[in-house]
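Below, each chain spelled out in residue letters.
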Amino acid sequence: YVRNCLEALNREICAVKFQYEQLQCGGITPDDLHHAFPHARFVILYRRSLSRQLISDVMRHVTREGGSPARRPSPEPTATVRLSPAKIRSYYAAVRAIYAEWMELPLLAQHGVVVCYEDLCEDPQSVFERSIFPVLGVTPAPVENRRFVKQTRRKLSEIVENYDEVADLLEGSESIQDYARA
């Protein structure tokens, strides 16, 4: 998949987006990627808010769509979900384990950068200039996002039916992660 995407783009510098779970399903390790693409650079994008990441993942499955293309905006989903404390804790632990694995990889230190999604949304130009352009070895240029917009801007309390039962897990310090490498 990665090779086909890169070959289809047919450019000196191009990118492929994938989620770690996709690699796991294919039995591909980060080292496998590095061996297949020794000159590749990796931009690891993480969400500071694990609760927002959880909601995004759940809503993507409920609504069957990811970020909406900006040229074809769809109405904001109105679906709601119920989350058990066990599901929330399990999700947080699984996501943290994935990032812990990547953070320990020598290839990341040598060939990658870690970027926070929330920082990227807040000030994309600064994040690209400070983190992404240098790791790619390219000259800084203006950054625009004309393709995707956030799927939902609703408050967690408007999405999670049993919010009062799980608010501490969704809003507390347990829901925050920070990899200050970017």
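Residues numbered from 1 in each chain as written. Predicted model: local features only at pLDDT ≥ 70, side-chain atom pairs only at ≥ 80, totals over all residues. Heavy atoms only, no water.

Notes on the layout of surface pockets
Where we set the bar: A 1.4 Å probe that fits into a set of points on a 1 Å grid over the protein atoms alone but cannot get out defines a cavity; an open set with protein on both sides within 12 Å along at least five of seven lines defines a pocket, and lining residues are those with an atom within 4 Å of a point. Grid points are joined across faces, edges and corners, and a volume is the space filled by probe spheres set on the points. By the criteria applied, helices consist of DSSP H or I runs no shorter than four residues and strands consist of E runs no shorter than two, each listed in order from the N terminus. When residues are grouped by polarity, Ala, Val, Leu, Ile, Met, Phe, Trp, Tyr, Cys and Pro land in nonpolar, Asp, Glu, Lys and Arg in charged, and all others, Gly among them, in polar.
Its volume calculated, the second largest pocket comes out at about 170 Å³. In terms of lining, the second largest pocket is formed by Tyr1, Val2, Arg3, Phe18, Gln22, Leu23, Gly26, Ile28, Asp32, Leu33, Ala36 and Phe37. Mapped by element, the contributors of at least two residues to the lining of the second largest pocket are α1 (2-9), α2 (20-25) and α3 (30-36). If one sorts the elements of the lining of the second largest pocket by residue count, α3 sits on top with three residues. Its residues placed into classes, the lining of the second largest pocket shows eight nonpolar, two polar and two charged.

Comments concerning the pairing of strand β3 (residues 112-116)
Regular strands place their side chains on alternate faces of the sheet. The following threshold applies: Only protein chains enter the area calculation, which uses a 1.4 Å probe; residues under 20% of their type maximum are buried, those over 50% are exposed, and those in between are partly exposed.
When you tally the buried positions in β3, you get five out of five residues, the bulk of the element. Residues Gly112, Val114 and Cys116 line one face of β3 and the alternating positions Val113 and Val115 line the opposite face, and both faces are buried.

Considerations on the environment of Lys17
Tracing the backbone shows Lys17 in the loop between α1 and α2. The class for Lys17 is exposed, based on a relative accessible area of 72%. A C-alpha to C-alpha distance of 9.7 Å links Lys17 and Cys5, two positions 12 residues apart in sequence.

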